[in-house]
Amino acid sequence: MSDFDCLQEWVEKFLPTSYVSQKASYIRHSTSQKISSQELSVTPLSGDAGFRQYFRLDTEPSLIAVLAPPIYENNPAFVNISLCFQQNGVRTPVIHAVDYQSGFLLLEDFGDDLLLPQLFPTTVDKLYQSAETELLKIQQIKPNTEIFPDYDGQRLRDEMNLFPQWFVEQLLGLELQDSDREILNETFSLLVDNALEQPQVVVHRDFHARNLMLLDHNGISTNASDANNTIFTENKAEMASPIGVIDFQDAVIGPFTYDMVSLLRDCYIRWPEGYIARRALDYSRRAEALGIIPKVSDEQIIRWFDLMGLQRHIKVLGIFARLWLRDGKRDYLGDLPLVIRYTLEQLEPYPELKKFKVWFEQRVLPQLPQQSWYQPWEVAGNSVSYTHLTLP
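A. Region of the structure containing the packing of helix α5 (residues 153-160) against helix α7 (residues 178-196). Closest axis-to-axis distance for the α5/α7 pair is 10 Å, and the angle between their directions is 135°. On the basis of the axis angle, α5 is oblique to α7. Seen along the crossing, α5 lies across α7 with a hand that is right-handed. Packed against α5, whose contacting residues are G153, L156, R157 and M160, the element α7 presents N185, F188, S189, L191, V192, A195 and L196 at the interface.

B. Just a nonpolar patch on the surface, in detail. On the surface, F51, I71 and Y72 cluster together into a nonpolar patch covering about 350 Å² of accessible area. Tracing the backbone through its elements, the reader meets I71 in the loop between β3 (63-67) and α3 (75-87).

C. Inspection of the pairing of strand β5 (residues 104-108) at higher detail. Judged by how many residues are buried, β5 sits mostly within the fold: five of five residues are covered. Taken together, the five bridges between β3 and β5 define a ladder with antiparallel strand orientation. Across the sheet, residue I64 finds its bridge partner in β5, namely L107. In the sheet, strand β4 (residues 95-99) pairs with β5 via four bridges, with the strands oriented antiparallel. By the bridge assignment for β5, A97 is matched with L106. Turn length for the β4-β5 hairpin, with the two strands adjacent in sequence and antiparallel, is four residues, and the turn residue G103 shows positive phi of about 80°.

D. Summary view of the pattern of salt bridges. Counted according to the given criterion, the structure contains 26 salt bridges. For E132, the salt bridge is made with R286, and the minimal N-O distance between the two is 3.8 Å. Taken together, the residues span a long stretch of sequence, with E132 in helix α4 (residues 124-139) and R286 in helix α9 (residues 273-289) at a distance of 154 residues. Here D306 ties to R265 by a salt bridge, and the two come within 2.9 Å at their closest N and O atoms.

Cut-offs used in this document
- Residues numbered from 1 in each chain as written.
- Predicted model: local features only at pLDDT ≥ 70, side-chain atom pairs only at ≥ 80, totals over all residues.
- Heavy atoms only, no water.
- Axes fitted to C-alpha atoms, helices over the stretch in contact; angles between N-to-C directions.
- Helix = DSSP H or I, 4+ residues; strand = E, 2+ residues; numbered from the N terminus.
- Parallel < 35°, antiparallel > 145°, perpendicular 65-115°, else oblique.
- Left-handed = near helix turned anticlockwise from the far one by under 90°.
- Contact = heavy atoms within 4.5 Å.
- Patch = residues over 30% accessible without salt bridge, like charges linked within 9 Å, V, L, I, M, F, W, Y side chains within 5 Å.
- Areas by Shrake-Rupley, 256 points an atom, 1.4 Å probe, with all protein chains shown as cover.
- Salt bridge = Lys/Arg side-chain N within 4 Å of Asp/Glu carboxyl O.
- Buried < 20%, exposed > 50% of the residue type's maximum accessible area, 1.4 Å probe, protein only.
- Pairing = 2+ DSSP bridges.

Here is the structure:
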């Protein structure tokens, strides 16, 4: 029996009694025919960067079945972090059933409304404000090492080492010399120090617009002309979050600015630098007011933010290359030019990183035009019109 057949059999066994398939519901209400478990329909959904496979069930309301092989996915961490987030007011999918040994999960369906396609100059302020409110909730969670591992120096460095291994050597075909590695090690050490000197908080670790859902039943107006942005629950009596959070199983205890960078310098969409800097500073003031961080100068926040972004984007260059070369996921190659743009822009203001910037320009950039995914990095992410964008 295939993994899919086993998952479907398991789902039928553990389906909550209040959930029935749409076809079964029709049969039950229209005829006296006995309902068969075979009436359940399971539709595959597009996956993510991991090894998980998702399937939508035609129940009322719909549910999501997940096949997450235990050899690749940390399902206990997924469950523990989800429950911790929910206890602290962060909206994650309700877990109806789990089989750790087989890697099966049955989850609440958050729908199809990712935040990313909803982001326009007329909507980004409201949507980012709501997303940042969820991030503040996450950062107020007590850093419990029994749930969240430390994002320590070795882990930060290991992530950046994906860049020379997968992007430079395997994707671009460059052979690194000892002098190259010396520059990389010096740069990585500086970026690790920047991360570790920041206030340490709970970090989602992939808090961007493809991992945030706009929940249709709690709704938020994305119409710029709609001045009434009130969010209602079913009883209309209390405020509820319009943002659902997914893909949180790798959460750690780490640098304050990491998730800010993930959201504001998103690898899949770009906003003007002045706008991003203002949002980062405004968010930091909100965090300061909540006691998440002590009072810190604007200059320090921006330095933490920029260098944290550099660490993340160096890592992402390696990850996106690996997703293609190892896992056959080609779509991520198209996002490399924007990540390269972020990398070079974040290097510009910092003289202590000039050696790495010159190395990148002399060793990496000349190899790019021959790549099938290449587009000029200088204009990557310019497809969004900023005409109606206002600074916060």
